[in-house]
Amino acid sequence: MDDPGHEVFVSPVVVVSQAFPARPGSLPDAEQFVREALEPVTLEPEEHQALYHAITTALLAAAGPKDGVFDVTVRIFPDGVEVEVLHGAGTRRVQPAAEPFADWLNGVLRGQGLSQEAAAQRIGVSVRTISRWLRGDTEPRLRDLRRVHEIFGP
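Given the structure is predicted, the values throughout are model-derived calculations rather than measurements.

A. Structural detail: the confidence of the model for the protein chain. Averaged over every residue, the pLDDT of the protein chain is 75; the share at 70 or more is 76%. Confidence, expressed as mean pLDDT per element, reaches its minimum in the protein chain at strand β4 (residues 90–93) with 39 and its maximum at helix α4 (residues 116–123) with 92. The low-confidence segment residues 89–98 (pLDDT under 50) makes 17 contacts with residues lying over four places distant or belonging to another chain.

So this is what it looks like as structure tokens:
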């Protein structure tokens, strides 16, 4: 520009994107794609959990008969990164989860007055599995997460 009062700053941006089929095996593939795209950036635990949540949510949403895929896009700016997970017309941006899955499930069971045994029976998993989820030792596999979603909502 010829106007000395206005400066133009050009910032390099790297964008990588990949589509994944909406199937359980895509979850680790999508996470690996993001880790490789962000190398050598290390995600904080809450960022990793938010990423996992966003990918899982998009995968579940895309698992219907008409969509079947979800896209993960990584944008790397000089001063930060942005990860976007897209399914159909909906957009899921990676944001810290409102609460960990264990806290959410504890609240749901308390709110509905359900025991671990009753929850295990409704979901179709063992009481030991429910106990691990409630302690935060593990999180549900995709097929179990889908069942939890169907029974208790998002």
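B. Fine view of the nonpolar core. Counting 18 residues, the largest nonpolar core has Leu109, Ile130, Trp133 and Phe152 as the members making the most contacts within it. Looking at this core, the elements with two or more residues in it are α3 (101–112), α4, α5 (127–135) and α6 (142–152). At five residues, α3 tops the list of elements feeding residues into this core. Aside from chain neighbours lying at most four places away, what touches Leu109 is Leu114, Ala119, Ile130, Leu134 and Phe152. Formed by 16 residues, the second largest nonpolar core is a distinct cluster that contains Leu27, Tyr52, Val72 and Val85.

C. Geometry of the side chain of Ser131. Here Ser131 is to be found in helix α5. According to the relative accessible area criterion, Ser131 is buried, its value standing at 18%. A distance of 2.7 Å separates polar atoms of two side chains, one belonging to Ser131 and the other to Arg135.

Here is what the cut-offs are and how they apply
Sequence positions are assigned chain by chain, starting from 1 and proceeding in written order. Only residues with pLDDT of 70 or above have their local features reported here, since the model is predicted, and side-chain atom pairs are shown and tallied only from 80 upward, although totals for entire chains, interfaces and linings are computed over all residues. Only hydrogens and water are set aside when side-chain values are computed; all heavy atoms of the structure are taken into account. Summary of the metric used: pLDDT quantifies the predictor's per-residue confidence within the range 0 to 100. We count a stretch as a helix when DSSP gives it H or I for four or more residues in a row; a strand needs E for two or more, and each element gets its number in order from the N terminus. Between two residues, a contact is recorded if the distance between any of their heavy atoms is within 4.5 Å. Buried Ala, Val, Leu, Ile, Met, Phe, Trp, Tyr and Cys residues that are joined via side-chain atoms within 4.5 Å together make up what is termed a nonpolar core. A simple rule labels every residue: compare its accessible area, found with a 1.4 Å probe on the protein chains alone, to the largest value its type can have, and call it buried under 20%, exposed over 50%, or partly exposed in between. As used in this structure description, the phrase polar contact means that two N or O atoms lie within 3.5 Å; if the pair is within protein, one of them must be able to donate a hydrogen and the other to accept it, and residues adjacent in sequence are counted only when both atoms belong to side chains.

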